[in-house]
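Here is how the chains run, residue by residue.
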Amino acid sequence: MARVAVIGAGTMGHALALVFALGGHRVRLTDSNPATLARAQGLMETALATLVAGGEAPKDWTSGHLAQAVTRHESLEETVDGAELIVEAIIEVPEAKRTLYERLDACAPPDAILASNTSYLDVFPLIPERRQARAMIAHWYTPPYLVDLVDMIPGPRCDKAAFDQVFGMLKAMGKQPLGLAKFVPGYVANRIQAAIGNEVQNLLDEGVATAPEIDAAIIHGLALRLQILGVYAKADFTGLPLLQAVARNKSYAPPEPRESSPTLDRLVAAGRTGVLAGAGYYDWPGDPAQLFEERDRRLIALKRAMREIGVMAGTERDL
């Protein structure tokens, strides 16, 4: 059992607190916004109830059990007192992170490991020098209590033992840490997702297909095979000469990345910002909390099915 401090109780932070608690660790959670910190307990309880109902968390985990495993604190100093692992999950603003790391340098235990959940920022230049030996990125995906992938990148002067300690901790929690040799913005999954996002937004803006049609192509065509094969094993089944022919024939040219999308801009201007607003690319009537619960229930069912189905032999290696 490790003493874990999670800084930031928003979308990712409260969920990470739940993940580490379910992993058997004692967690302290804080946020600079009192309202965000106050909401965290209810959000964790809702997610926990869904996990318990779906068989993804022990049945004896109640709200009382959760309240003992995760405590909330208004003071940063109190939150990190005695912490062995400090998870930074605040906003993606460099100066905000720099300020936080300066405060942590002054109050965190000298041997505490710092792990940033940043999605795209190179945080290492923002971290004080004397903390570099125990600084790393551990980037999770939402919702982290269901998505097992964690991108892990050691800082340029990170001690290997500290990195291996967190890597092993996550493996023991049933997660899939992916150790990368160096920092690149977006890591692997987010870079692939960005390329897909650029392509599908272009298809929509150019009137080639509607949002439901594009999603249908992904759900019923692309995603079905990727679930068990990934990209490279899928290529092996297709046959590599076909990939050579596609490249030679120049049958595909990706669209140029653009700073804006007319379709996306129109939706945002109309207040259609997503599930929380009741509409985005689709209409989402009803309680947003129930919609997120429904998403989680379906993800649980998919994870359960994938554990039974498995991936193709040979495509999964110890990372």
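Summarised in this report is the structure supplied together with it. Remember, it's a predicted structure, so these values are computed and weren't measured experimentally.

About the cut-offs
- Residues numbered from 1 in each chain as written.
- Predicted model: local features only at pLDDT ≥ 70, side-chain atom pairs only at ≥ 80, totals over all residues.
- Heavy atoms only, no water.
- Axes fitted to C-alpha atoms, helices over the stretch in contact; angles between N-to-C directions.
- Helix = DSSP H or I, 4+ residues; strand = E, 2+ residues; numbered from the N terminus.
- Left-handed = near helix turned anticlockwise from the far one by under 90°.
- Contact = heavy atoms within 4.5 Å.
- Nonpolar A, V, L, I, M, F, W, Y, C, P; charged D, E, K, R; others polar.
- 1 Å grid on protein atoms, 1.4 Å probe; cavity = no way out; pocket = protein on both sides within 12 Å on 5 of 7 lines; lining within 4 Å.
- Points joined across faces, edges and corners; volume = space filled by probe spheres on them.
- Pairing = 2+ DSSP bridges.
- Expected span 1.5 Å × (residues − 1).
- Buried < 20%, exposed > 50% of the residue type's maximum accessible area, 1.4 Å probe, protein only.
- Arc of directions from axis to C-beta.
- Phe/Tyr/Trp six-rings, centres within 6.5 Å; stacked < 30°, edge-to-face > 60°.

To continue, consider the packing of helix α7 (residues 189–205) against helix α8 (residues 211–229). Their axes nearest at 10 Å, the elements α7 and α8 cross at an angle of 145°. In the crossing of α7 with α8, the sense of the turn from one axis to the other is right-handed. Between α7 and α8, the contacting residues are Val200, Leu203 and Leu204 on the first element and Ala211, Ile214 and Ile218 on the second. When its residues are assigned to classes, the contact of α7 with α8 shows six nonpolar, no polar and no charged.

This paragraph deals with empty space enclosed by the protein. Tallying each qualifying case throughout the model produces one cavity of 30 Å³ or more. Here the largest cavity is characterised by a volume of approximately 50 Å³. Phe20, Leu85, Val87, Ala115, Ala138, Trp140, Val166 and Leu170 together form the lining of the largest cavity. Among the secondary structure elements, those contributing two or more residues to the lining of the largest cavity are β4 (85–88), β6 (135–140) and α6 (160–172).

The next point concerns unusual backbone geometry. Of note, the amide linkage connecting Thr142 to Pro143 takes the cis form, showing an omega dihedral of -5°. Look at Tyr187: it is not a glycine, yet its phi comes out positive at around 60°. Along the chain, Tyr187 falls in the loop between β8 (176–179) and α7.

The next subject is the sheet that holds strand β1 (residues 3–7). Read across the open sheet, the eight strands follow the order β3-β2-β1-β4-β5-β6-β7-β8; overall the sheet is mixed. Either end of the sheet is taken by a strand with one partner, and the two such strands are β3 (70–72) and β8. Shown here is a sheet whose adjacent strand axes are inclined to one another by a mean of 25°, direction ignored. Here strand β7 (residues 149–154) pairs with β8 via four bridges, running parallel. Looking across to β8, one finds that Asp151 is bridged to Leu178. Docked against the sheet, helix α2 (residues 34–53) engages β2 (26–30) and β3, running at close to 160° with respect to β3.

This part takes up α6. Its 13 residues place the ends of α6 18 Å apart at the C-alpha level, agreeing with the 18 Å of an ideal helix rising 1.5 Å per residue. Taken together, the buried positions of α6 are Ala162, Phe163, Val166, Phe167, Met169 and Leu170. Projected onto a plane normal to the axis of α6, the buried residues spread over an arc of 160° and lie on a single side. Counted as exposed and oriented over 90 degrees from the buried face of α6: Lys160, Ala161 and Ala172.

Turning our eyes to something else, we now look at the layout of surface pockets. A volume near 570 Å³ is recorded for the second largest pocket. Together, 21 residues line the second largest pocket, and Thr11, His14, Leu43, Phe292 and Arg295 are the ones closest to its centre. The set of elements that each furnish at least two residues to the lining of the second largest pocket consists of α1 (13–22), α2 and α12 (288–309). When its residues are assigned to classes, the lining of the second largest pocket shows 10 nonpolar, seven polar and four charged.

Relative to each other, α2 and α12 sit at 35°, their axes nearing to 10 Å. By crossing handedness, the relation of α2 to α12 is classed as right-handed. Residues Thr46, Thr50 and Leu51 of α2 pack against Glu293, Asp296, Arg297 and Ile300 of α12. The class makeup of the residues in the contact of α2 with α12 is two nonpolar, two polar and three charged.

Next up on the list: the packing of aromatic side chains. Scanning all chains against the criterion turns up four aromatic pairs. Their ring planes at 65° and their centres at 5.7 Å tell us that Phe20 and Trp140 sit as a pair that is edge-to-face. Of this pair, Phe20 sits in helix α1 while Trp140 sits in strand β6, and the two are 120 residues apart along the sequence. Among the residues examined, Phe20 registers a relative accessible area of 2% and is labelled buried. Plain terms: the ring middles of Phe183 and Tyr187 are 6.0 Å apart, the flat faces sit at 80° to each other, and that makes the pair edge-to-face. For Tyr187, a relative accessible area of 2% gives the class buried.

On their own, these measurements won't tell you what the molecule is for.
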